[in-house]
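Notes for the structure review
Spelled out from the first residue to the last, the chains are:
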Amino acid sequence: MRIFKLFKNHILALLAAVALITISCNADLTLPTYMSEIVDVGIQQGGIESPVPTTIRRSTLDDLELFMSDEDTATVEAAYSAPEADGVCTYTGSEADRAEDGPVSDAMSLPETVALALEQGIDASSMASMTGSDATAGASAAPTPQQNAAMTPDQIAAMKAKAQAAAQMQQQIEADGGKVTMDAVRIAADAGLIARDQLVQAASQMADQMGSMGGSIVKQRAVSFVQQEYQDQGIELSDVQNAYLAGMSAKMFGLCAISLVATILTGAVASHTACTIARDLRRKTFDKVMHFSPAEVNKFSQASLITRCTNDVQQIQMAATLLIRMVMMAPIMGIVALTRVLATHTGLEWTIGVAVIAVSAVVGVLMGLTMPKFKKMQKFVDRVNLVAREMLDGIMPIRAFGRQEHELDRFDGASRDLMETQLFTNRAMSFMMPLMMFVMNCVTVLIVWAGSHGVSDGVMQVGDMMAFISYTMQIVMAFMILTMVSVMLPRAEVACERVEEALNTESSIKEPARPQLPAADAPRGELEFRGVSFQYPDAREDVIGGVNFKVGAGQMLGIIGSTGSGKSTLVQLIPRLYDVTGGKVLLDGVDVRDLPLSELRRRIGYIPQQGMLFTGTVESNLKFAGDSVTDDDMHRAATTAQATDFIEERDGGFESEISQGGGNVSGGQRQRLSIARALAKRPEVIVFDDSFSALDYKTDALLREALARDEKDSSLVVVAQRIATIMHADQIIVLDEGHVVGQGTHEELLRSCPAYLEIAQSQLSAKELGLSQEEIDAVMSGAAQKGGAR
Ligand SMILES: Nc1ncnc2c1ncn2[C@@H]1O[C@H](COP(=O)(O)OP(=O)(O)OP(=O)(O)O)[C@@H](O)[C@H]1O
Ligand SMILES: [Mg+2]
């Protein structure tokens, strides 16, 4: 994809964006985990996170240890401090040890569940079957006298104590309504009626029974035990819960803040990068276009070049922003969410697959419909620009011919095409969101339906399911964003292609490979055409053929011919607006194609047929050639061009404003300012392409006189329609359909060139030409004879 190449110089920004996106994605995706904890721990477990209480009474700890293996007892003992004066021990172990699956948590949960069960009391018979011995049996079996005789007095005492304890236990069980409680177990254990091993075994047997009910039940019971323990210590349970919720809220708030900052920074990085890319691209494209010869401008058309420099670059900029903010974010978001989902082991992972397939289907159909239209859209924008530009440029003739309605229809046509395409794509895209929401809602229902089984089986908590829904939404969203942007990308790709096309077009006017400057002793201001011919690109025939002439400084060459005879074409070859296709143009003895372009154009003053001024002041226009033009040069040039008078009459004189294209000066004034602009830079060769056409005869004459007087160091090439403008030239070339049909001075041509004579006769009387009717007839008949001979 072309658009990716644009990021070549912005790798650092991209890396920064990736880092920021990773931070914000992680922060965003931690929120559902916390939400799940608020539900599971904060609400369902009353804010108690772990089966390992922060504070526990020594007596409770002793009770629990009855059901622990020696190893577990050691682990737990190590995790708690010695009891304070009030008999309460404080947890001193690490947070990891008390977290789920931590060693202390593992050691304590089961004993806590058993202890909780014993608080309510367990049926004596079921307890007996669990421990594998009938502790209560000892009470009824008092030692016989024979047994007594075989024992030492110590043994007898112990035996008696046991019997006493058994009786005490029996009483306790009876007092508790035939149930074994913690008190009874404690008596039995203290008296050694039940071994520690038996109790541990009983505990694990109970765990097995509960295990079939699900792991989360053990946890919940253990937590209930901790709640009870806290209550017994006189701790307010609501305080515990509030403290937990406050801590969680603070964490969530912190995460939101981090995510917010990271997202804002990502946006800033994305906009900055995209804007920089767009600016560079615009600059590069514009620079390229500035170096295009008229051939390339015509190839693309002006409107298209404008669209490429503006709208197309804008499209690319938008796509670049999207690429960083969305396209790069989507996979990171997707991957982070996926890893989190897979870490939850909810068994619902398959729903994500279903969601992704559903989203792909929706996006696939919509993309198939809109993609071709997106590609067309840019062409229509081009058309609208073209028509609009043409109409604005030609507003005068449109009004003069009363063609507003017709032009409006034409514009409407272009505009309607664009509208219809946009309507279609927008309509199609407007289906996207609701359809996506529908898919997402269905997936949510699917997850709730499948997840509720897990919750009722006790293998999943409600919060886990909620977090899973959030993650799935994030994954689906990431996928959706990716596909949506991939719909927009082709449009940017088309824009990229168009800009690149302009960038890759080489101007047909190239800087010379080995630039050459005129020799120091070469004559200045000498222009020579040697067998020059020229053909427009894409044309089949030469517009100009076999032109030869030479003019030196202080001389004037006149070029005359009917319209379309190739006069403008001929003079455009001098400043290399086009390159000759045959022969050579030499300036001061050097082929113009060997002169550096800047050097060539510095030496040539070219006044185009259509005078064109720039927005600014008279001064800024006259000093257009740059800082080399002094005030003196400007005033001198304005005087020679017969422009001083009218400039000074204007408000502000040389400081007076010129509007776009020189709209606020008359045609003749515009021509004179264009002439002054070219003269101000003191060129060696001055080319006037029909630049006197809008001048009255008097100004024309004054201007020519001034030129002859002031521009002695320059050679003048003057294209004209009027004989009077060029009749005093040192040499005149008569063009007819691109061919030189006459060359010489005015007098020579009058007597030898029928084409010239014809033009002259149409403008001046025979008397003014100084010719007699016979002479005219002789020239004309010569032409007729020649025509007949041919
Ligand atoms: N960009 C172009 N591509 C192809 N052909 C062109 C181009 N510009 C001009 N021509 C053709 O070249 C021929 C000479 O045009 P040119 O502008 O040199 O005439 P001209 O003598 O200056 O006429 P005018 O006196 O009306 O200014 C014309 O037939 C014109 O159609
Ligand atoms: Mg012309």
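Right above here is the structure, for reference.
Regarding the overall build of the protein chain
Of the regular secondary structure elements, the protein chain holds 33 helices and 16 strands. Relative to its length of 790 residues, the protein chain is extended, with a C-alpha radius of gyration of 50 Å against a globular reference of 28 Å. Dimensions of the protein chain, computed from C-alpha atoms along their principal axes, come out at roughly 180 × 50 × 50 Å. A buried classification covers 46% of the 790 residues belonging to the protein chain. Pairs at least 24 apart in sequence give 77% of the contacts found in the protein chain among residues at least 6 apart. With an accessible surface of roughly 38800 Å², the protein chain has 56% of that area assigned to carbon and sulfur atoms.

Regarding the site of ligand 1
Inspection of the region around ligand 1 gives 13 residues, with G564, K567, S568, T569 and Q609 positioned closest. Within the side chain of T569, a nitrogen or oxygen atom sits 2.4 Å from an oxygen atom of ligand 1. Between ligand 1 and the protein, one listed contact pairs an oxygen atom with a side-chain N or O atom of Q609 at 2.8 Å. Protein chains bury 61% of the 630 Å² of accessible surface belonging to ligand 1 in isolation. Tallying contributions element by element places helix 22 (residues 567-572) first for the shell around ligand 1, with 3 residues. Across the shell around ligand 1, the residue classes break down as 3 nonpolar, 9 polar and 1 charged.

Here we look at the packing of helix 2 (residues 11-44) against helix 17 (residues 329-344)
Relative orientation of the contacting elements helix 2 and helix 17 amounts to 40°, with a least axis distance of 9 Å. Of the two possible hands of crossing, helix 2 and helix 17 adopt the one that is right-handed. Counted together, V18, I21, T22, C25, N26, D28, L29, T30 and T33 of helix 2 and M329, I332, M333, V336, A337 and R340 of helix 17 form the full contact between these two elements. Of the residues assigned to the contact of helix 2 with helix 17, the class counts are 9 nonpolar, 4 polar and 2 charged.

Things to note about unusual backbone geometry
Located in the positive-phi region is S301, a residue other than glycine, with phi close to 80°. Assignment of secondary structure puts S301 in the loop between helix 15 (294-300) and helix 16 (302-327). On the basis of relative accessible area, S301 is assigned to the partly exposed category, the value being 22%.

Examining the side chain of E526
Take E526: it is sitting in the loop between helix 21 (462-504) and strand 5 (527-534). Aside from chain neighbours lying at most four places away, what touches E526 is K550, V551, G552, L586, L587 and D588.

What about the coordination of the magnesium ion (ligand 2)?
Note on the magnesium ion (ligand 2): its protein donors are S568 (OG) and Q609 (OE1). The metal-donor distances range over 1.8 to 2.3 Å. Highlighted residues: S568 in helix 22 and Q609 in the loop between strand 10 (604-607) and strand 11 (616-617), separated in sequence by 41 residues. We classify S568 as buried; its relative accessible area is 19%.

Notes on the packing of aromatic side chains
Across all of its chains, the model carries 8 aromatic pairs by this definition. Seen in terms of ring centroids, Y80 and Y91 are 5.5 Å apart; in terms of plane orientation they differ by 75°. Their pairing is edge-to-face. Of this pair, Y80 sits in the loop between helix 4 (70-79) and strand 2 (88-90) while Y91 sits in the loop between strand 2 and helix 5 (95-98), and the two are 11 residues apart along the sequence. Here Y80 matches Y91 in class, with each residue buried. Aromatic pair F534 and Y536: ring centres 5.0 Å apart, planes at 80°, arrangement edge-to-face. Following the ring pairs from residue to residue traces out a cluster consisting of F534, Y536 and Y578. Over the face of the ring belonging to F424 we find K373, whose NZ or CZ atom lies 5.0 Å from the ring centre. Directly above the ring of F624 sits R677, whose terminal nitrogen or CZ lies 5.8 Å from the centroid.

Re the pattern of salt bridges
Inspection of the entire model under this criterion finds 36 salt bridges. Notably, a salt bridge pairs R498 with D312, separated by 2.6 Å at the nearest N-O pair. With a gap of 186 residues between them, R498 in helix 21 and D312 in helix 16 connect regions that are remote in the sequence. Of the residues examined, D312 reaches a relative accessible area of 0% and is grouped as buried. Connected via shared salt-bridge partners are R524, D588, E599, R602, R603 and E684.

Details of the nonpolar core
Side chains of nonpolar character tend, in soluble globular proteins, to be buried together. With 49 residues, the main nonpolar core has L622, I647, L673, F688 and Y756 as its most contacted residues. Per-element accounting of this core gives the leading share, 6 residues, to helix 27 (residues 667-680). Counting residues domain by domain, this core receives three or more from each of domain 3 (527-744) and domain 4 (746-790). Residues contacting F688, with those up to four places away along its chain left out, are I607, I675, L707, L716, V717, V718 and V719. The next biggest cluster of nonpolar side chains, apart from the first, holds 36 residues, and it includes M432, F468, I475 and A478.

Some points on the packing of helix 3 (residues 58-65) against helix 4
Direction vectors running N to C along helix 3 and helix 4 enclose 160°, while the axes themselves pass 10 Å from each other. For the element pair helix 3 / helix 4, the angle class is roughly antiparallel. Considering the relative orientation of helix 3 and helix 4, their crossing is right-handed. Residue-level contacts link R58, L61 and E65 of helix 3 to T73, V76 and E77 of helix 4.

Some words on the pairing of strand 14 (residues 715-720)
Two faces belong to every sheet, and in a regular strand the side chains alternate between them. Within strand 14, 6 of the 6 residues are buried, which leaves it mostly tucked inside the rest of the structure. Side chains S715, V717 and V719 of strand 14 all project onto a buried face; the interleaved residues L716, V718 and A720 project onto the opposite face, where all are buried too. Bridge analysis of strand 7 (residues 556-561) against strand 14 gives 5 bridges, and the strand direction is parallel. When the sheet's bridge partners are listed, M556 is paired in strand 14 with L716. The parallel pair strand 13 (residues 685-689) and strand 14, bridged by helix 28 (residues 697-710), forms a crossover whose chirality is right-handed.

Digging into the environment of I235
Mapped onto the fold, I235 is located in the loop between helix 13 (215-232) and helix 14 (237-290). Take I235: its relative accessible area is 31%, and that puts it in the partly exposed class. For I235, the contacting residues outside a window of four places in its chain are T55, Y230 and V240.

Criteria and cut-off values
Residues numbered from 1 in each chain as written. Chains lettered and ligands numbered in written order. Predicted model: local features only at pLDDT ≥ 70, side-chain atom pairs only at ≥ 80, totals over all residues. Heavy atoms only, no water. Helix = DSSP H or I, 4+ residues; strand = E, 2+ residues; numbered from the N terminus. Rg over C-alpha atoms; globule rule 2.2 N^0.38 Å. Buried < 20%, exposed > 50% of the residue type's maximum accessible area, 1.4 Å probe, protein only. Contact = heavy atoms within 4.5 Å. Areas by Shrake-Rupley, 256 points an atom, 1.4 Å probe, with all protein chains shown as cover. Near = heavy atom within 4 Å. Polar contact = N/O pair within 3.5 Å; in protein donor to acceptor, adjacent residues only side chain to side chain. Nonpolar A, V, L, I, M, F, W, Y, C, P; charged D, E, K, R; others polar. Axes fitted to C-alpha atoms, helices over the stretch in contact; angles between N-to-C directions. Left-handed = near helix turned anticlockwise from the far one by under 90°. Donors = N, O, S within 2.8 Å, 3.2 Å for Na, K, Ca; no water. Phe/Tyr/Trp six-rings, centres within 6.5 Å; stacked < 30°, edge-to-face > 60°. Lys NZ or Arg CZ within 6 Å of the ring centre and 35° of its normal. Salt bridge = Lys/Arg side-chain N within 4 Å of Asp/Glu carboxyl O. Core = buried A, V, L, I, M, F, W, Y, C linked by side-chain atoms within 4.5 Å. Domains from an automatic or database assignment. Parallel < 35°, antiparallel > 145°, perpendicular 65-115°, else oblique. Pairing = 2+ DSSP bridges. Right-handed = clockwise from strand over helix to strand, strands pointing away.

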